[in-house]
Amino acid sequence: MLTLKEYQERALDTLRTYFQLTQQFGDADTAFYRLTRESFGRGVSYQPVAGLNALPYVCLRIPTGGGKTLVASHAVGITAHELLHSDHALVLWLAPSNVIRDQTLRALADPNHPYRQAVESRVGAVTVMSVSEALYVQPATLNASTTIIVGTIQAFRVDNTEGRKVYESSGALMSHFTDLPSELREGLEMANGEPKKSLANLLSMRRPVVIVDEAHNARTPLSFETLARFHPACILEFTATPATQDHPSNVLHTVSAAELKAEAMIKMPIRLKVRPQWKELLSEAIAQRNRLEAVAKLEQRQTGEYLRPIMLLQAQARSQTKETLTVDLIRQTLLEDFKIPENQIARATGEVDEIGETDLSQPDCPIRYVITVQALREGWDCPFAYVLCSVAESKSSTGVEQILGRVLRLPKATRKQNEALNLAYTFASSESFGAVANQLRDSLVQNGFDRFEAQMMITPPPEGFPSQPEMPLFADRTAAGLPEPVTISVPAPLWMEDLPSETSAKVQYDSAAHTLVVRERLDPEEAALLVAMLPAGEGKADAQAAIESVTRPQTLPPAASPAERGETLAIPQLAVRRGAQLELFEETVFLEHTWDLSQCDARMSESDYGIQLLDGTEIEYDVTSDGKLEEHFIEELQNTMTLFASDQGWTPAELVYWLDRAIPHPDITFRESNAFLTRLVMNLMDERGLTVDQLVLDKYRLREAVAAKIQAHRLEARKRAYNLFLLPDALTPLEVHPDRCFSYPRDAYPYNTLYRGAYPFRKHYYPQIGDLEERGEEFNCAVLLDSLPEIKTWVRNLERRPNHSFWLQTPTDRFYPDFVCLLHDGRYLVVEYKGEDRWSNDDSREKRLIGDVWAKKSGGRCLFSMPKGSQGIGEIRNLIQ
C-alpha cells in the first residue's frame, strides 16, 4: 500500500477533525466555521445548498499531481467511522466522465491497486460495482462490506437511459424493502402505497457517502437536485479547481504547490523559453529533451531508476482558410529536418491515437515525441513527459491548460539526484516572453494552483534569453569561445556516449590519458551534467572546479534570498547523550521507559462516558431562529445507521476485541490492552448497570471515550518518563551540540498559504514566506525580527512539517516555534509568540520549559523567547544584545 505524503495526511486529519466537530456542535455549518477559523485564522461562512443544507458538503482542494483519488480512497473509512459511526458505508463515487469512471472502477476493483488497498486498510471488506451492477445488489453485500458504486452524475439523471433504470422498480431489489420500519419508509418514492423497489430508493434509505471527483463539473441546480434524491449522509468534493461563483464550494482544506514540491509530487519550477520562429524553437526543445535523456541515463546508473524523457508537441488544427502547423506537418518536420526515427513519434488526436494502450514507462517502448492539438485523451497520464513544445503562436491559455498538467507529475513521486530531472520545460512560439508566461500562469490556475504561486512557478532558463528584451537577464553572456582549449584531468572512466551531440561537439575525452579537452564554454546545464558524470574518488573536486571555470558565469538576481544563494541554515537540536552517541531527543527516547496500561484505573465515570441511547425509533427536531423546522441531522443519521447494523448478540469479549482493534495503540501490548479493556467493560456493566447491547449500540461514542481515557493514562506516564531527562543528574543527559543540527532544505519550503502582504521583508531565508497573516500579532513579531540589525536571516517555521521545520519534543507532542533566526555573531534565536490570554496555559508552560532547557544546554549559543503578547515583543531586543 502506498504511504501517504505528509500533506495528504494533513488533509485527511482536517476531514477527521471536521467530522468530530460536527458531533460536538451537531451541525455542519458551525463545525465548518470553527475549523476554518482555526486553520485560516478567520472563520469562513458555510455555503449551504438548497435541499442539501443540513448535511456536511465540503471540498478538499488538491492540485493536479497531488493524488486526490488516493486521498478520497482513505476518506471513505474516515467518513464511515467518524461521521456515520458505522463499520461499513455505502459509497456513491461520481467521476467527471465515462473515461475516468472506467479507470476508477478498474482501480478500485483491483485488490493490488493502491486505491483499493487504501479503502480496505480502513474498513476491511470492500465491494466495488458499476451503476448497472448495483441494480442487482443484495442486502447481504451492503450489510457485510463497504460497497462503492462508481458512476457519473449524468448516469443518475432521469433523462438518461441508465438514469431511468435507477428510478424504476426492480424485482432484483425487492428484498431490500421487506418489513421496512416506518422511519425508513419516510421520504421514499411510493407506488400504490408501497415504496418503489428502485435503486434510487435503496440509496435514499441507506444514506450514501457521496464522493465527487472534479466537483466543479457537478455544481449546477440539476446536479444538486439529483444528489438530493439520494438523501446522502455527506458529500465530499475532491478537485483541483473548486467552484467560486454562483454555488461556491465549501473548501475545508487546500494543498499548495509548495507542499507538492516538497513531497516530490510535481516537477517545479517550469522553465519557459520562447522563440518567434517555430523551427528554431523546435530545435531547442529537441536539444533540451536530448540533454534530459543523457541525464536520465546517468540517473539510472546512479539509482537504478529508468527514465525516458518525452516531449509533448502541440500543433495547430487544420484550417480551410489559412495555412497551419498541423500534426502531420510537425511529424514530417521531425522525420525529415531533425532525423527523428519514425518509431519514436506518436500522434494522439481525436482522429488518430498511435499510443492506444501502450505503456510509455516500459524500457522497450521507443516513443519520445507525442504530437497532439488541443488535449490528450482524458485520463492519459505519463510522468515521463518532461518537455512541452507549443509551435504555434498562442493567444490564450485554453490551448495549453490541459496539456500543461501532463508534464507536471514527477516520476515515482521521488526527487531525482540530478536537478534537471526535477523540473519541467515549456517552449512556446511567440514574440513575447511575458505574454506566454501569463498564459501559462492562467493554465496553472486551471490545474488547481494558487495564482500567486503560479507566478513563481514559471521561470526563464538560467542562462538568460537575449532575444527577449523585456525579460530581465540574470546571466553574464560571456562569449561562447575560449581563447584556447582547456585540458582537464578527470577520474576514470567517463561515460561519454551518454552526452547529447550538442555537448559532445564542445568536448573531447581521452580515455588513455584520462583528460577532458573543452573547446567551447559550457552552458550551466552542460557543466552540471559533466560534473554529475564524474566518478567519486581522488581528483573529482579539482575536476569539478576546472569544469566550472570554463562554464558561462551566472549571477543571481540582486534580491535573491539566502536559500537561493546556496547559504545553509542549520540550527542545533536538543539531543540525548548515550555514551559516544548523540541521538535526537524525540518521543521514541522517553517511550523506552515502559508503562503498563493493565495496572491503570479502568473505571469510567458519568463525565467520562455518558451513554447516548439510540433505539432506532426517534428522530429529534428543533425550530431554528427563523421559525423553520430543522432535524438534528447528525443524530438522525447515526440513528439510521443503527437500523442496518448487525450488532445484536455480542458478548463482552467481542466488544473488548472490537475496541482493541478500533483504538490505535502501537505502544501498548495486546496483553495490557485486553486486560484494561476487559476491566473497563465489566465495570460499566457491573457498576453502572449498562448492558452489553446498549454499549454495542453506542460503541463509537464508547470508543472515543475509552481512547480519551487511555490517552490520559499515556500522557501521565509520558510526563513521568519525560521529566527524568530534565533532571540535572539524569543518566542520559540532554545536550545541544553543533554535531546534531537540523538543516532547512534549500529547495523545499512546504507552506500551505503564501504571505501576500505589502510589507517588504528583506531577511527571510526563503524567497517566499508561508503561513503568515498580514497585520496579525505574529506578523508584527516578524516585522520586528526583520528590522533588527543583529539578525542575519530568519525563517517562518512551519507547523507540522517534521522534515522541513525545526521542532522540540514536549511530553505530549512536537513543538514547532513560530520563528527561527540566525544572528550575525553566529548565535541562534528561537521565538514562539503567545497572546497574553494564552501565555500562562498548560501548553505554553510546556513549550516554555523545553525552550528554556534547549537554550541553557547550548552554553549561550542558542536563545529562546516567548513574548507575552504585543507588549512583550520588545524583550527580544534585550535578549539578543
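Residues numbered from 1 in each chain as written. Predicted model: local features only at pLDDT ≥ 70, side-chain atom pairs only at ≥ 80, totals over all residues. Heavy atoms only, no water.

**Remarks on the overall build of the chain**
Counted only if it meets this: Put simply, DSSP H or I for four residues or longer makes a helix, DSSP E for two residues or longer makes a strand, and each gets a number counted from the N terminus. Radius of gyration here is computed from C-alpha atoms only, and the compact-globule reference equals 2.2 Å multiplied by the residue count raised to the power 0.38. Buried means the residue's accessible area, taken with a 1.4 Å probe over protein chains only, is under 20% of the maximum for its type, while exposed means over 50%, and partly exposed covers the values in between. Per-residue and other accessible areas were derived by the Shrake-Rupley procedure at a 1.4 Å probe size, with only the shown protein chains allowed to occlude residues.
What the chain contains, in helices and strands, is 29 helices and 30 strands. Computed over C-alpha atoms, the radius of gyration of the chain comes to 31 Å, within 12% of the 29 Å expected from 2.2 N^0.38 for 881 residues, which places it in the range of a compact globule. Its C-alpha atoms give the chain principal-axis dimensions of roughly 95 × 80 × 55 Å. Out of the 881 residues in the chain, the part that is buried amounts to 53%. A total of about 38,900 Å² of accessible surface is found on the chain, and carbon and sulfur atoms cover 48% of it.

**A look at the sheet that holds strand S20 (residues 570-578)**
Note the cut-off: Two strands are counted as paired when DSSP detects at least two bridges linking them. Comment: axis = line fitted to C-alpha atoms, over the contacting stretch for helices; angle = value between 0 and 180 degrees taken between N-to-C directions. In what follows, a contact means two residues having at least one pair of non-hydrogen atoms within 4.5 Å.
Taken together, 3 strands build an open sheet; the order of strands is S21-S20-S24 and the sheet is antiparallel. In this open sheet, the two edge strands, each paired with only one partner strand, are strand S21 (581-584) and strand S24 (734-743). Direction aside, neighbouring strands of the sheet carry axes that sit 55° apart on average. Note that S20 and S24 share 6 bridges and pair antiparallel. Its bridge partner being in S24, Ala570 is matched across the sheet by Ser743. Packing against the sheet, helix H28 (residues 842-857) makes contact with S20 and S24, and its axis sits at approximately 90° to S20.

**Let's talk about the side chain of Asn752**
Rules: Any pair of nitrogen or oxygen atoms within 3.5 Å is treated as a polar contact; in protein, a donor-acceptor pairing is required on top of that, and neighbouring residues in sequence qualify only through side-chain atoms on both sides.
Tracing the backbone through its elements, the reader meets Asn752 in the loop between S24 and helix H27 (777-787). A relative accessible area of 17% means that Asn752 is categorised as buried. A polar contact is formed between the side chain of Asn752 and the backbone oxygen of Thr254, at a distance of 2.5 Å. Among the polar contacts made by the side chain of Asn752, one reaches the side chain of Glu259 at a distance of 2.9 Å. Setting aside anything within four residues of it in sequence, one finds Asn752 in contact with His253, Thr254, Val255, Ser256, Glu259, Asp771 and Arg801.

**Remarks on the side chain of Thr372**
Structurally, Thr372 is set in strand S13 (residues 369-372). On the accessibility criterion, Thr372 (1% relative accessible area) is buried. In contact with Thr372, not counting residues within four places along its chain, are Leu313, Gln314, Ala315, Val327, Ala348, Thr349 and Ile403.

**Things to note about the environment of Glu564**
With respect to the element layout, Glu564 can be found in the loop between helix H20 (540-549) and S20. Between the C-alpha atoms of Glu564 and Arg845, which are 281 residues apart in sequence, the distance is 37 Å.

**A short note on helix H5 (residues 114-123)**
The criterion, for reference: Think of the arc as the fan of directions from the helix axis to the C-beta atoms.
Within the sequence span of H5, burial applies to Arg116, Ala118, Val119 and Val123. Down the axis of H5, the smallest arc covering the buried residues is 160°, so these residues share one side. In this structure, the buried side of H5 is in contact with helix H3 (68-84), helix H4 (98-109), strand S3 (126-130) and strand S4 (146-152). In the stretch just after H5, Gly124 is the one whose phi turns positive, near 80°.

**Thoughts on the sheet that holds strand S1 (residues 57-61)**
Strand order in the open sheet formed by 7 strands is S3-S4-S2-S7-S8-S1-S9, with parallel pairing between adjacent strands. Both outer strands of the open sheet, S3 and strand S9 (251-254), are each paired with one neighbouring strand and no more. Across the sheet, the mean angle from the axis of one strand to that of its neighbour is 20°, orientation sign disregarded. Here S1 runs beside S9; their pairing, made up of 3 bridges, is parallel. In the strand pairing of S9, Arg61 is matched with Thr254.

**Observations concerning the pairing of strand S2 (residues 90-95)**
For S2, a buried count of 6 out of 6 residues is recorded, marking the element as mostly surrounded by other parts of the structure. Burial along S2 is two-sided: Leu90, Leu92 and Leu94 facing one way and Val91, Trp93 and Ala95 facing the other are all buried. Relative to S4, S2 runs parallel, the two sharing 6 bridges. Residue pairing in the sheet places Leu94 in a bridge with Gly151 of S4. Across 4 bridges, the pairing between S2 and strand S7 (residues 209-213) is parallel. Looking at S7, one finds that Val91 is bridged to Val209.

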